[in-house]
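Single-letter residue listing:
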Amino acid sequence: MAKETICLVNAKKMTVPEERMDMYDAFEILEKENKRLLVEKSQGACTVNLYDKKDNLLFSEDVVFPLENDIEVVLSERFFAPKESSIVKPNKQIQVTKDPKPKKERKQKSSKEKIEKSEPGSMDKETTNKSIIQKSLLKGQKRMVLLLVGAVCLLTVGGILVQSFPLVESAVQWLSKSEPEKSWNDYLEEKDYIGAGKKFPEKLGDLVDYLTEKQEFKALKELNETFPTAEATFDLAFYQKEWEEVIGLNDSKLTKERQVMLAHSYIELGRLTEAEILNKTLKSKILTNEIHFAYKIKAIKLIQAGKIDDAAAIQKKINDDELEELLATGKACLEMIEHYKKENDSESQKQWVSRLENLGGEIINESTKNNK
């Protein structure tokens, strides 16, 4: 049986082997490259050379890709078509280029061609080439028929057709040459987070972490409405500064980052002891500074209220230089208030009470601005 081979050369922006191969192997390679170029919306080209089993060149064509039609169909048509056109154009049906010569000259040329075709040697060669190609196409058709018969046999042996529906559906998808499915990164790049949740439900936790890290809380809220999770609810409550809700959520997986967030919520609520307990394990420098500053603000408010001894106990714990000065000033203010009280000088007494109440106020105001 005759065996034709194809050689793909002069490839541009295409990855194809240049050694000779079976005709249908070449069709399969070109089909894959054609799909890739369609997806990338780019162009490539190569020369397709068809040889018979005696290495005689039967067909040679420069082809520009991508093509809309099936590669096997397009090239098979070219095997039989007249060769006035030298290039296959992408995304269009192939047409024979018109002969620009006058009618009279074309008639003369046609007459010569008829004489040449009448020669026995020329006719035999052309008939042989067409016969070889037809046999190759018939061989491909037989392969397809055998594949289809085999698929039907598998479905029949498998049992009831209804029960075999998933297998049929998979086979149809495989044969339909559909576009490649979108990957996880494709969904993220397109910001189709709901689609990512549907396609990859097992990665919802990763998706929540991704949106929280990117601070896309609007998208996180929409995702949590469609696919509610404890982690997303926790992150949204923290973002909205709903501290009581944050510490009340027990179902979320407390990663190290969320434990820091939980400790921060305790600090915001003034529950510094609980924040310290969490930070013993976390050993976060950020939390350490926040806890220190929170104790300092608490001590300042105690000084303003005249509770110098309680503020001094906090100072002993955190040993803050600025707080030490405020304590000394607070003590002096209390002494002055007591003095003017004994002197019955209410006006001066009010002035020193006001000074005490505003002591360290700029520090408190600065912390309030930072928390907004």
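1. Side note on the confidence of the model for the protein chain
Model confidence for the protein chain is summarised by a mean pLDDT of 81, while 72% of its residues fall at 70 or above. Below a pLDDT of 50 lies the segment residues 83–129, which in the model reaches 43 contacts outside its immediate sequence neighbourhood of four places, other chains included.

2. Let's talk about the side chain of E33
Mapped onto the fold, E33 is located in helix α1 (residues 23–40). Polar contacts involving the side chain of E33 include one to the main-chain amide nitrogen of T15, which spans 3.0 Å. A polar contact of 2.7 Å, which involves the side chain of E33, links it to the side chain of R36. Excluding residues within four positions of it along the chain, E33 makes contact with M14, T15 and V16.

3. So, the side chain of Q304
As for its placement among the helices and strands, Q304 is situated in helix α14 (residues 285–304). Residue classification places Q304 among the buried positions, given a relative accessible area of 18%. A polar side-chain atom of Q304 sits 3.2 Å from the main-chain carbonyl oxygen of E357. Here L359 takes part through its backbone oxygen, which lies 2.8 Å from a polar atom of the side chain of Q304. When near neighbours in sequence (up to four residues on either side) are disregarded, Q304 contacts L356, E357, N358, L359, G360, G361 and I364.

4. Description of the nonpolar core
Among the nonpolar cores identified, the biggest contains 35 residues, and I267 and I303 are the most heavily contacted of them. The greatest single-element share of this core, amounting to nine residues, is contributed by α14.

5. Digging into the packing of aromatic side chains
A complete count under the given rule lists six aromatic pairs for this structure. Summarising the aromatic geometry, the rings of Y24 and F27 are spaced 5.5 Å apart at their centres and angled 90° between planes, so their arrangement reads as edge-to-face. Taken together, the residues Y24 and F27, both in helix α1 and three residues apart, mark about one turn of the helix. For Y24, a relative accessible area of 11% gives the class buried. A centroid spacing of 5.4 Å and a plane angle of 75° characterise the contact between F238 and W243, whose relative ring orientation is edge-to-face. Taking the relative accessible area as the measure of exposure, W243 reaches 15% and is therefore buried. Members of the aromatic cluster, connected to one another through ring pairs, are W184, Y187 and F200. One residue, K203, lies across the ring of F200, its end atom 6.0 Å from the ring centre.

About the thresholds
Residues numbered from 1 in each chain as written. Predicted model: local features only at pLDDT ≥ 70, side-chain atom pairs only at ≥ 80, totals over all residues. Heavy atoms only, no water. pLDDT = per-residue confidence, 0-100. Contact = heavy atoms within 4.5 Å. Helix = DSSP H or I, 4+ residues; strand = E, 2+ residues; numbered from the N terminus. Polar contact = N/O pair within 3.5 Å; in protein donor to acceptor, adjacent residues only side chain to side chain. Buried < 20%, exposed > 50% of the residue type's maximum accessible area, 1.4 Å probe, protein only. Core = buried A, V, L, I, M, F, W, Y, C linked by side-chain atoms within 4.5 Å. Phe/Tyr/Trp six-rings, centres within 6.5 Å; stacked < 30°, edge-to-face > 60°. Lys NZ or Arg CZ within 6 Å of the ring centre and 35° of its normal.

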